[in-house]
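Listed below, chain by chain, are the residues.
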Number of protein chains: 2
Amino acid sequence: MSVTAAKGFAAVGLAAGIKPSGDPDLALVRNLGPDFAAAAVFTSNRIKAAPVVWSQQVIKDGSLQAVILNSGGANACTGPDGFADTHSTAERLASELGVGAIDIAVCSTGVIGHRIPVDKITSAVPALVARATEDGGPLAARAIMTTDTVAKQSVQTRNGWTIGAMAKGAGMLAPGLATMLVVITTDAVVNAADLDAALRAATHVTFDRVDSDGAMSTNDTVLLLSSGASGVEADPGEFTEALTTVCSDLARQLVADAEGATHDIAITISGAASEEDAVVVGRSIARNSLFKCAMFGNDPYWGRVLAALGTTQATFDPDAIDVSFNGVLMSSKGFGVPDAEVDISANREIRVDVDLHAGDHAATIWTNDLTYDYVKENAEYLS
Amino acid sequence: MSVTAAKGFAAVGLAAGIKPSGDPDLALVRNLGPDFAAAAVFTSNRIKAAPVVWSQQVIKDGSLQAVILNSGGANACTGPDGFADTHSTAERLASELGVGAIDIAVCSTGVIGHRIPVDKITSAVPALVARATEDGGPLAARAIMTTDTVAKQSVQTRNGWTIGAMAKGAGMLAPGLATMLVVITTDAVVNAADLDAALRAATHVTFDRVDSDGAMSTNDTVLLLSSGASGVEADPGEFTEALTTVCSDLARQLVADAEGATHDIAITISGAASEEDAVVVGRSIARNSLFKCAMFGNDPYWGRVLAALGTTQATFDPDAIDVSFNGVLMSSKGFGVPDAEVDISANREIRVDVDLHAGDHAATIWTNDLTYDYVKENAEYLS
């Protein structure tokens, strides 16, 4: 399972005392080789946490030996001291592993604006390294949880090689990733450039299309590490396909665990003049608070779908649009279908299909409903 | 008070049976002259309700005799039949007043996607005209309410002339106006071109900067009518100033009555490289669900302010930004001020000041917190 499903990786999670609750809060994923190729994508938020700034630098040579991840503190908006904390963390782990700090990526998640207890992290590094095992993936996945209610893991195996992955994130999932940490490992033989291309292709149609609340985190990171331990060179097309499957599975798990949600909503825009138009229209609906409240109320209120997409500049004729809920056409050519009815209360998943009748492109955006519990969790998750 | 504070206008509101509750739901504002100049601004949503499409046409000649407004149904996304309903409404009132339908503006508000009971409206037109009086403004303001808890009215008087106004809107207030109907009257002598210029200048810095939930309505309309009944020609600068004061007052009233809100929040961005940058940054914060939940939780979580503005492309150095809550500097140069504390729970109004240190421009955006009651109202306001 998880990041140790692929050969050539050791992992672990433990409680270092960062979280006052005493829950696990520190994780290690170590590449045992023989290859050490790596790629990453990061948040597009211009306010970047210290670990993001650090990891963006160390990934530049396409190589990583290990990733250290903490929950219980985002180390974002912490200034030069916060960056020094990340640096110390990487140096301490590098020293323990006998490698350079430039081979260590760092990820953090939690509340913004507070220093992390770096002494607790560096003190725990020897135990972290000593306890990491080739079946420790689930422990690592557990240790990176914040408001997550379940650990997220995914595995795909192809001809002689495997991709394994873990993720954390719940709510606050947004375009270009958000409060989301993902570590993906593979034992396929893939060079850094191909890892990078595959990762960008996979995230573009998966994590980038999850839009839970329109927010975007300071800390989002997706890392992909290859050990080459299978000795099998992966076909690039097949590798990208398998990686996309893993990312799609994790993205669905993130949506399913979004803070306080009662519905997962797949908004599919078809008949768009371009893929970008489809994405823009899908996002405008996914971010509309009134639409999201209607979904919570189990009301297939197609009028709010039209009102939301009307705010975009995408190509369409307002009098040519069809809107369906769970396959039932509720609105056609811009107004309601007489006597159309659909019960969307029964299942957690709701499908909203919008046909713009303006072209041949399509895209699906995933989001959630807006609920009392979303407000409660985010009003009480204090800084 | 209201639209009859200015001389030369008659108004009324009554219950025409559109709302099942039996509450007032139909209003008339009639210009008694001698001038009939008018101007208007409408929603920028591309999905426009039938009355918006109609009113956009009839305002083109810069002249109106009357406005008829109904609550209890938006007449949006109702197709050609819905447009015919608006047309019939205007024709019936025009016939009763002995003018052309081209002199009648129509406004509707309520649920999207259903036909309005046009027979009830046209049947009520004779009573509407008969009962309209020069002190009937408050009755009209009452009849256009939907989820509003109070009627919104505002009056400004200058040297010999008056501006009076009414508005409806609660929540769903967004850029470029939203689910907001406003009728403003004046007895100043102002021609249609000057009315138009003043109205655009005033709405640009008032209604356009209220952003309650990022949604934008299909029906938003702001109408300005001049009777010239004071006989006093208004100085253009003074007229724009007074009109801006009225619009600002109404915008504040709309925010104060936003659905389920417990805080009104004034987000002022200063030190921006341009006014547009200031508006973009202010909106990014105003629309951030996590920030809005933190405000509901009375948590001056400046990290969410930075995370929100980091998603924009405005000019700034992330390490140069200051954030204050109610005048207390909480974060400076991108990280927290040690031991800074502020209690934002005491007052309904919260001031968030962000200094980008990137220029000399500023703007204020008004919004609300995101609460249980917002979700409840919008989940239960069924289509």
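If you're wondering where the values come from, they're calculated on a predicted model, not measured in any experiment. (Residues numbered from 1 in each chain as written. Chains lettered and ligands numbered in written order. Predicted model: local features only at pLDDT ≥ 70, side-chain atom pairs only at ≥ 80, totals over all residues. Heavy atoms only, no water.)

Novice: How should the UniProt feature "binding site: substrate" (unreviewed entry) in chain A be read in this particular structure?
Specialist: All names here are of chain A. Under the feature "binding site: substrate" (unreviewed entry), the UniProt entry names Thr-146, Lys-168, Thr-179, Glu-259, Asn-378 and Ser-383. Tracing the backbone through its elements, the reader meets Thr-146 in the loop between α4 (137-143) and β6 (152-157). Thr-146 sits in the partly exposed class, given a relative accessible area of 26%. The topology assignment puts Lys-168 in strand β7 (residues 162-168). Classification of Lys-168 as buried rests on a relative accessible area of 1%. Once residues within four sequence positions are removed from consideration, Lys-168 is found in contact with Thr-109, Ile-144, Met-145, Thr-146, Asp-148, Thr-179, Met-180, Leu-181 and Leu-254. At 3.1 Å, the side chain of Lys-168 and the side chain of Thr-109 are in polar contact. (UniProt positions renumbered as here; feature names shortened; annotations may be inferred. Helix = DSSP H or I, 4+ residues; strand = E, 2+ residues; numbered from the N terminus. Buried < 20%, exposed > 50% of the residue type's maximum accessible area, 1.4 Å probe, protein only. Contact = heavy atoms within 4.5 Å. Polar contact = N/O pair within 3.5 Å; in protein donor to acceptor, adjacent residues only side chain to side chain.)

Novice: Is there a simple way to explain the relation of the copies chain B and chain A in this structure?
Specialist: What relates the two chain copies is a rotation about an axis together with a slide along it. Superposing chain B onto chain A takes a rotation of 180° plus a shift of 0.0 Å along the axis, which leaves an RMSD of 0.0 Å. Accordingly, the operation relating the two chain copies is best matched by a two-fold axis. Relative to the rotation axis, the C-alpha of Tyr-372 of chain B is the closest in chain B, positioned 2.5 Å from it. Interface overlap between copies: 100% of the residues of chain B at the interface are likewise at the interface in chain A, consistent with a symmetric, same-surface contact. (Least-squares fit on C-alpha atoms with pLDDT ≥ 70 in both.)

Novice: Can you walk me through the sheet that holds β7 of chain A in this structure?
Specialist: Either a parallel or an antiparallel arrangement is found when strands of a sheet pair, and the pairing is made through backbone hydrogen bonds. All names here are of chain A. The strand order β3-β9-β8-β7-β6 describes an open sheet built from five strands, whose pairing is mixed. Unpaired on one side and paired on the other, β3 (37-42) and β6 mark the two borders of the sheet. Across the sheet, the mean angle separating the axes of adjacent strands is 10° when strand polarity is ignored. Examined bridge by bridge, β7 and strand β8 (residues 181-186) share six bridges and lie antiparallel to one another. Considered in β8, the bridge of Met-166 is made with Val-183. Its contacts with the sheet put helix α5 (residues 192-204) on β3, β8 and β9 (221-226), and the angle it makes with β3 is roughly 30°. (Pairing = 2+ DSSP bridges. Axes fitted to C-alpha atoms, helices over the stretch in contact; angles between N-to-C directions.)

Novice: Help me understand the side chain of Arg-158 of chain B in this model?
Specialist: All names here are of chain B. For Arg-158, the location among the structural elements is in the loop between β6 (152-157) and β7 (162-168). At a separation of 2.9 Å, a polar atom in the side chain of Arg-158 contacts the side chain of Gln-156. When residues no more than four places from it in sequence are discounted, the contact partners of Arg-158 are Glu-238, Glu-241, Ala-242 and Thr-245.

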